Structure formats: structure tokens, C-alpha cells
Amino acid sequence: MAEQTQKLWKDWRLHLAVLAIVVLTESIGVHSIPLGPGVILLLPMLYAVIIGLALFFTPFIKEKQSINAEPLVFLSVSVLIAKFGVQAGPAISQIIEAGPALLLQELGNLGTIFLALPIAVLLGIKRESIGMTHSIGREANLALITDKYGLSSPEGRGVMAMYIFGTVFGSIFIGLISGFLATVTPLHPISFAMATGVGSGSMAAAALGPLVAAFPDMSEQLTAFSGVSNLISSVTGLYMSIFVGLPLTVKLYEIMSNRKAAKGSVGYVKKS
């Protein structure tokens, strides 16, 4: 085990590629593109994912680097989770003042299970659907699935697919939808600020931009509620996935898969 760990840290190609990607993406910085009522934010994380995918198809990055990167991804995500826990302490007074609405918002993230899991099973996706639909697949959820099943497992491939998809398209989608809904529905702008907290800093920032632009006189309030909301989702979202989201997804997947298999066998018997 120690020898394998040393090989990971001695993989100079991998570390050089990561360093180059970080330097390049941070030098590019954040760019915003106004689009109707919404704002599309182009963030360094987005560039990093695209450049990393592109490098995989070059001679510089080989399968060895891809394999070595898997445990290092888990290590970096673990550091992020520790950061979430440290942030929760100083912000506890803000969380209490925000009221029960913020504390109960995590129940909304369970909607991905009831909406997406039946579609995934219907499309024939196997256990990858558990990782894909038990949450919106951000850092904490990636760490949970990696710890329980492993990143190379079907569940791990599913959550990683959603993590990458969310990184590339999530900010664009939530940025557009928040600005659009805030301007066409009668709901209070603060409710949309609370809804920006899905446990992803990039998504929260992308969703907050259009709200501040649409309601500049409430910018401070919107920013405060968005920050507290995202903090709560980052901290409580992991526990919600551990105790509710993941067990519920696994149980529903087994029920749906068994029913689908039973219907398929019945249809086969009738046809024969």
C-alpha cells in the first residue's frame, strides 16, 4: 500500500498536468455572458474540466495517469468536506436566524430521486443510476459514493458522470433558470436566493448573478441568504444523502428493477 502511494506522488506527468491546468484556468479567470434575464458564468472549474478531458486524448496523459488520478480526487474532495465542517461552526448563528425554511430546504434535493431515477431505469441504466440520481452529484456526494462503492464501481461512474455534467452545464442551466423564474413568477426574490444553495459554489454564484441584476436594491439580502443557503446544503446535504437519499435510491432502484424484470419475463412468456 505504501509503495502504491509513493507511485501516485511520483507521477510527475499527472502533477505537472494538474499544475499547468490550474495556472492556465486561474489566469483566464471568471467571465460572464449576459443572456436575456440570466447571466452565464464561465468559471475556472469549467475550463479545467474541458482541458482535462482534452488532455486525456493527447500522448502526454496516458491510462496510468487516469488511474492514478482516481484516489487523488477522493483525497481532494475529503479536504473540501473538512472545509465545509469548519465553515459550519462560525456560521451557526446565521443558520439559526435564517429560520426553518433554510433548514428544511435539503428535502427539495430528494426530488432528483423521484424524477430522475424512474427515467434512468426506464432507459435501461443499471446501478450507475444510483450514483446519478441519489443527489445532484456535487463534491460531498462524490465523496460519499466513492467511500461506499469506490470510484471505479457502477455507482462511482454514475456520480462522476453527473459531477462532470453538473460542472460543465449546471452553472449555465441554473444561472438561466433563476433569472427567468425570478422575473416571471410572483415568488419573493429571497426565496430564489435560498434556492441557489444546492451545495455547489459555482452553481450558487451563477444563480445569484441574475437575481442581483434583477433586484439590485436587495443585493445584500440576496447575497447573504444565498451564502447561508449554500453553506447549509454543503453541510447538511451529506447527512441527508447518507441517511435518506442514498438508502431511498437503492431501495427504489431495487423495486423498479425487479418490476421491470418481472414485466420483461412475463412478456417473453406470452410471446413464446
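Summarised in this report is the structure supplied together with it. (Residues numbered from 1 in each chain as written. Predicted model: local features only at pLDDT ≥ 70, side-chain atom pairs only at ≥ 80, totals over all residues. Heavy atoms only, no water.)

**Re the overall build of the protein chain**
On a plain count of helices and strands, the protein chain comes out with 13 helices and two strands. Of all 272 residues assigned to the protein chain, the portion counted as buried reaches 39%. Taking all contacts inside the protein chain whose residues are at least 6 apart in sequence as the whole, residues at least 24 apart take part in 74%. By element, 72% of the accessible surface of the protein chain is carried by carbon and sulfur atoms, the whole surface being about 15100 Å². (Helix = DSSP H or I, 4+ residues; strand = E, 2+ residues; numbered from the N terminus. Buried < 20%, exposed > 50% of the residue type's maximum accessible area, 1.4 Å probe, protein only. Contact = heavy atoms within 4.5 Å. Areas by Shrake-Rupley, 256 points an atom, 1.4 Å probe, with all protein chains shown as cover.)

**Observations concerning the packing of helix α2 (residues 12-28) against helix α3 (residues 44-56)**
Between α2 and α3, the least distance of the axes is 9 Å, while the angle of their chain directions is 140°. Of the possible angle classes, the one that applies to α2 and α3 is oblique. Like other packed secondary-structure pairs, α2 and α3 cross with a definite hand, here right-handed. In this structure, α2 contributes Ala17, Ile21, Leu24, Thr25, Glu26 and Ile28 to the contact, and α3 contributes Pro44, Tyr47, Ala48, Ile51, Gly52 and Leu55. (Axes fitted to C-alpha atoms, helices over the stretch in contact; angles between N-to-C directions. Parallel < 35°, antiparallel > 145°, perpendicular 65-115°, else oblique. Left-handed = near helix turned anticlockwise from the far one by under 90°.)

**Thoughts on the pattern of salt bridges**
The final tally for this structure, using the stated rule, is two salt bridges. Its salt-bridge partner being Glu155, residue Arg127 comes within 2.5 Å of it at the nearest N-O pair. Taken together, the positions of Arg127 in the loop between α7 (111-122) and α8 (128-133) and Glu155 in helix α10 (residues 154-184) put the pair 28 residues apart, joining distant regions of the chain. Looking at Arg127, the relative accessible area reads 30%, which means it is partly exposed. The exposure class of Glu155 is buried, given its relative accessible area of 4%. We note a salt bridge from Glu128 to Arg157, for which the minimum N-O separation is 3.2 Å. Residue Glu128 is located in helix α8, and its partner Arg157 is located in helix α10; the two are separated by 29 residues in the primary sequence. Relative accessible area serves as the criterion here: at 44%, Arg157 is assigned to the partly exposed category. (Salt bridge = Lys/Arg side-chain N within 4 Å of Asp/Glu carboxyl O.)

**Some remarks on the layout of surface pockets**
Empty space within the second largest pocket amounts to approximately 1000 Å³. Lining the second largest pocket we find 36 residues, and of these Asn109, Thr112, Ile136, Phe173 and Val198 sit closest to its centre. When residues of the lining of the second largest pocket are traced back to their parent elements, those giving at least two are α7, α8, α10, α11 (189-195) and α12 (201-214). A per-element tally of the lining of the second largest pocket places α10 first, with ten residues. Its residues placed into classes, the lining of the second largest pocket shows 22 nonpolar, 13 polar and one charged. (1 Å grid on protein atoms, 1.4 Å probe; cavity = no way out; pocket = protein on both sides within 12 Å on 5 of 7 lines; lining within 4 Å. Points joined across faces, edges and corners; volume = space filled by probe spheres on them. Nonpolar A, V, L, I, M, F, W, Y, C, P; charged D, E, K, R; others polar.)

**Some remarks on the packing of α10 against α12**
Angle between the axes and distance between the axes: these two values describe a pair of packed helices. Viewed as axis vectors pointing N to C, α10 and α12 meet at an angle of 25°, and their least axial separation amounts to 8 Å. Taken together, the axes of α10 and α12 lie roughly parallel to each other. For the element pair α10 and α12, the recorded crossing hand is right-handed. On α12, the residues that touch Gly166, Gly170, Ser171, Ile174, Gly175, Ser178, Gly179, Ala182 and Thr183 of α10 are Ser202, Met203, Ala206, Ala207, Pro210, Leu211 and Ala214. Its residues assigned to classes, the contact of α10 with α12 shows eight nonpolar, eight polar and no charged.

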